[in-house]
Amino acid sequence: MREKTLSIIKPDGVSRNLIGEVVKRLESAGIEIAAMKMIWMTKEQAKGFYKVHEGKPFYESVTDFMSSGPSVVMILKGDDVIKRYRKIMGATNYEEAEEGTIRREFATDIEKNVVHGSDSVENAKFEINYFFNSLEILK
Ligand code: GDP
């Protein structure tokens, strides 16, 4: 099924010059980048984005991290792209991520794990609309 998903190259990925590395892996996998921009989230914007994690022990820390510097947000398109991109990213905890995945190769801890990807059609819709307005979303 043709889907869209939201990708973020997190502040650690941007500051460590991994934008090109991530984009190369997406393009090599035949995933279409339908929209892309650099943003710098405020603490409040990061808290809104990770609202599902409100109350968890890492909520303050992850939202500090996500607002600590610029991120690159992208809309990705393709068949089954939500699952395919999550496979390219690897597991949340890089120590458990499969060999060859972005997180396994580049993450430095469970929080600073370089990339984000939506985990369902419903969350992808929310996350895309959180960062992109209708003029920026290509059909
Ligand atoms: P994801 O969908 O694989 O990104 O994972 P989650 O939605 O569960 O978590 C969101 C983000 O919060 C992760 O990508 C990490 O950056 C961070 N995170 C998740 N679990 C932990 C944790 O146990 N400790 C810390 N410090 N950060 C975490």
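So, here's what we can say about the structure. (Residues numbered from 1 in each chain as written. Predicted model: local features only at pLDDT ≥ 70, side-chain atom pairs only at ≥ 80, totals over all residues. Heavy atoms only, no water.)

Details of the site of the ligand
1) Next: The full set of residues close to the ligand is Lys10, Tyr50, His53, Phe58, Val62, Arg86, Thr92, Arg103, Ile110, Glu111 and Asn113.
2) Next: A distance of 2.9 Å separates an oxygen atom of the ligand from a polar side-chain atom of lysine 10.
3) Next: Measuring from an oxygen atom of the ligand, one finds a side-chain N or O atom of arginine 103 at 3.0 Å.
4) Next: For the ligand, whose unbound accessible area comes to 550 Å², protein coverage reaches 77%. (Near = heavy atom within 4 Å. Polar contact = N/O pair within 3.5 Å; in protein donor to acceptor, adjacent residues only side chain to side chain. Areas by Shrake-Rupley, 256 points an atom, 1.4 Å probe, with all protein chains shown as cover.)

Some words on the packing of aromatic side chains
1) Next: By the definition in use, this model includes five aromatic pairs.
2) Next: Arranged with centres 6.2 Å apart and planes meeting at 45 degrees, the rings of phenylalanine 49 and tyrosine 130 form a pair that is tilted. Here tyrosine 130 lies in helix H7 (residues 121-131) and phenylalanine 49 lies in helix H3 (residues 43-49), a separation of 81 residues in the sequence.
3) Next: The exposure class of tyrosine 130 is partly exposed, given its relative accessible area of 30%.
4) Next: With centroids separated by 5.1 Å and ring planes inclined at 85 degrees, the aromatic side chains of tyrosine 130 and phenylalanine 131 adopt a geometry described as edge-to-face.
5) Next: Grouped by ring-pair contacts, the aromatic residues Phe49, Tyr50, Phe126, Tyr130 and Phe131 constitute a single cluster.
6) Next: Taking NZ or CZ as reference, lysine 37 lies 4.6 Å from the ring centre of phenylalanine 132, over its face. (Phe/Tyr/Trp six-rings, centres within 6.5 Å; stacked < 30°, edge-to-face > 60°. Helix = DSSP H or I, 4+ residues; strand = E, 2+ residues; numbered from the N terminus. Buried < 20%, exposed > 50% of the residue type's maximum accessible area, 1.4 Å probe, protein only. Lys NZ or Arg CZ within 6 Å of the ring centre and 35° of its normal.)

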